[in-house]
Amino acid sequence: MSALTEVPINRKVADAAVVGGVTARRQLSRVVPCPPVLSSPVALYFFCRLLTRFPCPWWAQHPGIATPMAASLRGAAISCSSTTTSCDAVDEGVRGTCEDASLCKRFAVSLGYWHDPYIQHFVRLSKERKAPEINRGYFARVHGVSQLIKAFLRRTECQCQILNLGAGMDTTFWKLKDENLLPSKYFEVDFPMIVTRKLHNIKFKPPLSKPILELHSEDTFQMDGQMLDSKRYAIIGADLRDLSELEEKLKKCNMNTQLPTLLITECVLVYMTPEQSASLLKWAANNFETAMLINYEQVNMEDRFGQIMIENLRRRQCDLAGVETCKSLESQKERLLSNGWETASAVDMMDLYSRLPRAEVNRIESLEFLDEMELLEQLMHHYCLCWATKGGHELAQNQGNYLSKPCDQRKSLHICCGISSVGRFEGDHLLIC
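Overview of the structure. Since the model is a prediction, treat every value here as computed from it, not as a measurement.

Some thoughts on the overall build of the protein
Check the secondary structure of the protein and you find 16 helices and 11 strands. Out of the 433 residues belonging to the protein, those deemed buried represent 58%. Surface summary for the protein: the accessible area is close to 17500 Å², and the carbon and sulfur share equals 51%.

Concerning the sheet that holds strand 5 (residues 233-237)
Spatially, 3-4-5-2-1-6-7-9-8 is the arrangement adopted by the 9 strands of the open sheet, whose pairing is mixed. Each edge of the open sheet is held by one strand with a lone partner, namely strand 3 (222-224) and strand 8 (343-348). Taking each pair of neighbouring strands and ignoring which way they run, the sheet shows an average axis angle of 15 degrees. Pairing of strand 4 (residues 227-229) with strand 5 involves 3 bridges; the strand directions are antiparallel. Across the sheet, residue Leu228 finds its bridge partner in strand 5, namely Ile235. Contacting strand 1 (161-165), strand 2 (185-190), strand 4 and strand 5, helix 10 (residues 243-252) crosses the sheet at an angle of about 150 degrees to strand 5.

Concerning the layout of surface pockets
For the largest pocket, the calculated volume is near 560 Å³. Considering the residues around the largest pocket, the lining is formed by 32 residues, among which Trp114, His115, Val142, Ser146 and Lys175 are closest to the centre. Mapped by element, the contributors of at least two residues to the lining of the largest pocket are helix 5 (97-111), helix 6 (132-155), helix 7 (172-178) and strand 6 (261-266). Top contributing element to the lining of the largest pocket by residue count: helix 6, with 9 residues. Each residue belonging to the lining of the largest pocket can be placed in one class, and the counts come to 14 nonpolar, 8 polar and 10 charged.

Regarding the pairing of strand 5
When you tally the buried positions in strand 5, you get 5 out of 5 residues, the bulk of the element. Residues Tyr233, Ile235 and Gly237 line one face of strand 5 and the alternating positions Ala234 and Ile236 line the opposite face, and both faces are buried. Relative to strand 5, strand 2 runs parallel, the two being bridged by 5 bridges. Paired with Val189 across the bridge in strand 5 is Ile236. Remark: 3 residues form the turn of the hairpin made by strand 4 and strand 5, two consecutive strands paired antiparallel.

Examining helix 10
Of the positions making up helix 10, those classed as buried are Glu245, Leu246, Glu247 and Leu250. Among the structural elements, strand 1, strand 2, strand 5 and helix 11 (274-287) are those in contact with the buried residues of helix 10. Asn254, located one to two residues past helix 10, shows a positive phi value of around 65 degrees.

Describing the packing of aromatic side chains
The full count for this structure, using the stated rule, is 9 aromatic pairs. Cluster of aromatic residues (ring-pair linked, three or more members): Tyr118, Phe122, Phe173, Trp174, Tyr186 and Tyr233. Looking at Lys198, its charged tip hangs above the ring of Phe122, at a distance of 5.4 Å from the centre.

Digging into the packing of helix 10 against helix 11
Viewed as axis vectors pointing N to C, helix 10 and helix 11 meet at an angle of 35 degrees, and their least axial separation amounts to 11 Å. With respect to the hand of their crossing, helix 10 and helix 11 are arranged in right-handed fashion. Here Leu243, Leu246, Glu247 and Leu250 of helix 10 lie close against helix 11, whose contacting residues are Ser279, Leu280, Trp283 and Asn287. For the contact of helix 10 with helix 11, the per-class residue count stands at 5 nonpolar, 2 polar and 1 charged.

Things to note about the nonpolar core
Ranked by size, the top nonpolar core spans 74 residues in total, and within it Ile149, Trp174, Ile202, Tyr233, Tyr353 and Leu385 carry the most contacts. Ranked by residues supplied to this core, first place goes to helix 6 with 10 residues. Residues in contact with Tyr353, not counting those within four places in the same chain, are Arg136, Ala140, Val361, Ile364, Glu365, Leu376 and Met380. Counting residues in hydrophobic clusters, the runner-up holds 33 residues, among them Phe187, Ile236, Leu246 and Leu293.

Quick look at unusual backbone geometry
Of note in this structure, Glu157 is not a glycine but carries a positive phi near 55 degrees. Secondary-structure assignment places Glu157 in the loop between helix 6 and strand 1. Positive phi outside glycine occurs at Cys158, with the angle close to 65 degrees. Looking at where Cys158 falls in the secondary structure, it is placed in the loop between helix 6 and strand 1.

Details of the pattern of salt bridges
Counted by the stated rule, this structure contains 18 salt bridges. A salt bridge links Glu188 to Lys198; the nearest nitrogen and oxygen atoms lie 2.7 Å apart. Taken together, the residues span a long stretch of sequence, with Glu188 in strand 2 and Lys198 in helix 8 (residues 192-204) at a distance of 10 residues. Note on accessibility: Glu188 and Lys198 belong to one class, buried.

Comments concerning helix 11
Its 14 residues place the ends of helix 11 20 Å apart at the C-alpha level, agreeing with the 20 Å of an ideal helix rising 1.5 Å per residue. Listed in full, the buried residues belonging to helix 11 are Pro274, Ser277, Ala278, Leu280, Leu281, Trp283, Ala284 and Ala285. Looking at the buried residues of helix 11, the elements they touch are strand 1, helix 10, strand 6, strand 7 (291-298), helix 13 (329-337) and strand 9 (383-390).

Conventions used here
Residues numbered from 1 in each chain as written. Predicted model: local features only at pLDDT ≥ 70, side-chain atom pairs only at ≥ 80, totals over all residues. Heavy atoms only, no water. Helix = DSSP H or I, 4+ residues; strand = E, 2+ residues; numbered from the N terminus. Buried < 20%, exposed > 50% of the residue type's maximum accessible area, 1.4 Å probe, protein only. Areas by Shrake-Rupley, 256 points an atom, 1.4 Å probe, with all protein chains shown as cover. Pairing = 2+ DSSP bridges. Axes fitted to C-alpha atoms, helices over the stretch in contact; angles between N-to-C directions. Contact = heavy atoms within 4.5 Å. 1 Å grid on protein atoms, 1.4 Å probe; cavity = no way out; pocket = protein on both sides within 12 Å on 5 of 7 lines; lining within 4 Å. Points joined across faces, edges and corners; volume = space filled by probe spheres on them. Nonpolar A, V, L, I, M, F, W, Y, C, P; charged D, E, K, R; others polar. Phe/Tyr/Trp six-rings, centres within 6.5 Å; stacked < 30°, edge-to-face > 60°. Lys NZ or Arg CZ within 6 Å of the ring centre and 35° of its normal. Left-handed = near helix turned anticlockwise from the far one by under 90°. Core = buried A, V, L, I, M, F, W, Y, C linked by side-chain atoms within 4.5 Å. Salt bridge = Lys/Arg side-chain N within 4 Å of Asp/Glu carboxyl O. Expected span 1.5 Å × (residues − 1).

Interpretation note: all reported values are geometric properties and have no functional meaning in isolation.
Structure (structure tokens):
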């Protein structure tokens, strides 16, 4: 309890650190300083009972987490492959996070933060309102990742492949098809329990299955309980900590190591030990001649706010095994450079949010009132977007160009040169070069 007594932090900011924002019911989720009376066994008992009522924090609830769904959505009996560790006790604390994160995205979409006609086919709309700062945080995350993906696709003229590792209920494949920006092949990987649920939705919901079948002109369409393989899209059930299994299954689905490859990890590496995430990063850097990596996860976790976040998860038996690599933007970049990537960049999400097109920011901020900007700033300073490249001259151009101060007027995005950094603003354009 001493960790709680030592936190000299604003009460509303403490609310954000504990909840991380998945629910607007912040009064149930605040850090309560531990008074001397808790030395009483009876008082301590009731205090601990109170802690068990806190909802699971949003930053453990991203759909990109590479962990299985909680008992496959709290009850469905799905057997796990003997070749994976998806049913091990070490994963128990994070198995229920994917559904909650999908609900957060679904809610933000329902309010108009961004357009996604496919998320509704994977998750129902929750009756519980999500906090405005959480909706804005998800908007910045989706926007930032999307811009990097599209920059890569345009730079390679879509003659490439994408590997979304720990994809959860992600809908990027369908949205890229609608925009005529599909790569040569799009792969998704997640634990078999999550893949089983996603494949069930694809199989029985035509808005999801028809786009896949329209692109598949051959007779070799394959689909079973833990795998789908078609000409342009594949989804694979595998444990990212078992690289031999991962590589074997990707090769069965015709992964091409000669193609420029974009790898995406959103809130995935932090749930692995540093050794496990290093192995995955080295595998990616060593296996593809030309590649880019996009990583979204926590940062600045050594300050008081970060420590509250960590302790709150630990009370739920949900440990951030790789949090030591999330100390700073520099530690995030160093992790990439030390594991085979030639260039690395990183920006915290508040910095990215301040550089979004002003018209778009005004639009989303008009959707709902945010009474405490401090909550948004604290949360966004504790997440970052990182990207790295290796091989290929076109991916390594102008590495010195990082995000600069935003212009007063920003009306459009212009993709040019390479995709090795988010870029810089010049006039009305964000230059991805």
